[in-house]
Amino acid sequence: MRRYMQGTLDFACGIYAVINALSRTHGLDLENARGIFRESILTLSQQEGIWLHFLRNETDHYWLVRWLLGRWCCEPPRRLEIMQPFSDCLQPRSCCFDDANMYLPEKHEPSGPEDLATARDEALAVWQALHTWFTDDSTAAKAAILRFHRFMPGLRQPLVSHWTTAHSANHAAIVLHDASAEPGALFTLERKSLLPQTAVPALLRIVPESVVLLRRDTKACGIPCLDARPHSG
């Protein structure tokens, strides 16, 4: 009989991604992690329309990650420097859910650019940005949040679309600090799996717009922190 894991019955990977990023950058303990999860869920449950979309997974969760970063990561004691190399769509900029579009138009379909040479260039650019982020000489505590699509051979619609946290990189892979406990869950994103071959699309794609580089910050981030007051959804 199947043993059900986080992520099988719920669609909270975006929440876990932010919590795990804070765990990497600020050593978040269990009590505080539970507090963030609890307060986030309570706030979402008060947004009637948004709450139903969240429960049914009728969204790509960009709005959720953006709100979480603003709510929990822009003020002490867990302030982060928040950067995006390929977009600004996850920069916190609102104190409510009025602009919470359930789907963010990405530049390409989940499978990426149809031309494999262009797809390879995209994958290399994302790989280089993440690899450089984790392998430079900085000593600041770092993490990254990203969304990836996972494919079966021959299919262009993803088997899995998932928000996760990365914490390091080596010459061959991006290493994840992921919440999944399902058999077959990914805990590394291998470079060779991200790059299309001559006539074969890649089985993994990191969406460029989703990549958020996070670093523990000791100065103001310059973005108003989002509050947890209920707003109509």
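The preceding data block contains the structure.
This section reports on the structure supplied with the text. (Residues numbered from 1 in each chain as written. Predicted model: local features only at pLDDT ≥ 70, side-chain atom pairs only at ≥ 80, totals over all residues. Heavy atoms only, no water.)

1. Considerations on the overall build of the protein
Now for step 1: Each helix and strand counted, the protein has six helices and seven strands in total.
Now for step 2: In the protein, the order of α-helices and β-strands from amino to carboxyl end is α-α-α-α-β-α-β-β-β-β-α-β-β.
Now for step 3: Relative to the globule expectation of 17 Å for 233 residues, the C-alpha radius of gyration of the protein, 17 Å, shows essentially globular dimensions.
Now for step 4: Taking the principal axes of the C-alpha coordinates as reference, the protein spans close to 50 × 45 × 35 Å.
Now for step 5: Evaluated residue by residue, the protein yields a buried proportion of 48% over its 233 residues.
Now for step 6: Long-range contacts, defined here as pairs at least 24 residues apart, represent 69% of the contacts in the protein between residues at least 6 apart. (Helix = DSSP H or I, 4+ residues; strand = E, 2+ residues; numbered from the N terminus. Rg over C-alpha atoms; globule rule 2.2 N^0.38 Å. Buried < 20%, exposed > 50% of the residue type's maximum accessible area, 1.4 Å probe, protein only. Contact = heavy atoms within 4.5 Å.)

2. A short note on the pattern of salt bridges
Now for step 1: By the definition in use, this model includes six salt bridges.
Now for step 2: Between Glu106 and Arg147 there is a salt bridge; the shortest N-O distance is 3.0 Å. Of the two residues, Glu106 sits in the loop between β1 (80–83) and α5 (116–135) while Arg147 sits in strand β2 (residues 142–150), which places them 41 residues apart along the sequence.
Now for step 3: Classification of Glu106 by relative accessible area gives buried; the value is 18%.
Now for step 4: Looking at Arg147, the relative accessible area reads 11%, which means it is buried. (Salt bridge = Lys/Arg side-chain N within 4 Å of Asp/Glu carboxyl O.)

3. Comments concerning the nonpolar core
Now for step 1: If you look at the biggest cluster of nonpolar residues, it comprises 37 residues, and the most contacted ones within it are Leu69 and Ile145.
Now for step 2: Within the residue set of this core, elements represented by two or more residues are α1 (13–26), α2 (30–45), α3 (48–56), α4 (62–73), β1, β2 and β7 (212–216).
Now for step 3: Of all the elements, α4 adds the most residues to this core, at nine residues.
Now for step 4: If we skip the residues at most four places from it in the chain, Leu69 touches Val18, Cys74, Ile82, Leu90, Pro92, Ile145, Val212 and Leu214.
Now for step 5: Core analysis: the second largest hydrophobic core is formed by 19 residues, Val126, Phe134, Ile174 and Leu194 among them. (Core = buried A, V, L, I, M, F, W, Y, C linked by side-chain atoms within 4.5 Å.)

4. Examining a nonpolar patch on the surface
Now for step 1: Taken together, the side chains of Met152, Leu155, Leu159 and Val160 present a nonpolar region at the surface, about 370 Å² in accessible area.
Now for step 2: Take Leu159: it is sitting in the loop between β2 and β3 (160–169).
Now for step 3: Leu159 sits in the exposed class, given a relative accessible area of 56%. (Patch = residues over 30% accessible without salt bridge, like charges linked within 9 Å, V, L, I, M, F, W, Y side chains within 5 Å. Areas by Shrake-Rupley, 256 points an atom, 1.4 Å probe, with all protein chains shown as cover.)

5. Quick notes on the pairing of β1
Now for step 1: The alternating pattern of β1 places Leu80 and Ile82 on a buried face, while none of Glu81 and Met83, on the opposite face, is buried.
Now for step 2: Pairing of β1 with β7 involves four bridges; the strand directions are antiparallel. Its bridge partner being in β7, Leu80 is matched across the sheet by Arg216. (Pairing = 2+ DSSP bridges.)

6. Examining the pairing of β7
Now for step 1: Buried residues dominate β7, accounting for four of its five residues.
Now for step 2: For β2 and β7, the ladder comprises four bridges, and the chain directions are antiparallel. If you follow Lys142 over to β7, its bridge partner there is Arg215.

7. Focus on the layout of surface pockets
Now for step 1: What the largest pocket holds in volume is close to 710 Å³.
Now for step 2: Mapped by element, the contributors of at least two residues to the lining of the largest pocket are β2 and β3.
Now for step 3: By residue class, the composition of the lining of the largest pocket is 13 nonpolar, 11 polar and eight charged.
Now for step 4: Roughly 260 Å³ of volume is contained in the second largest pocket.
Now for step 5: Taken together, 21 residues make up the lining of the second largest pocket; nearest its centre are Ser111, Phe151, Pro201, Ala202 and Leu203.
Now for step 6: For the lining of the second largest pocket, the elements supplying multiple residues, two or more each, are α5 and β6 (204–206).
Now for step 7: Ranked by the residues each element gives to the lining of the second largest pocket, the list is headed by α5, at four residues.
Now for step 8: The class makeup of the residues in the lining of the second largest pocket is 15 nonpolar, three polar and three charged. (1 Å grid on protein atoms, 1.4 Å probe; cavity = no way out; pocket = protein on both sides within 12 Å on 5 of 7 lines; lining within 4 Å. Points joined across faces, edges and corners; volume = space filled by probe spheres on them. Nonpolar A, V, L, I, M, F, W, Y, C, P; charged D, E, K, R; others polar.)

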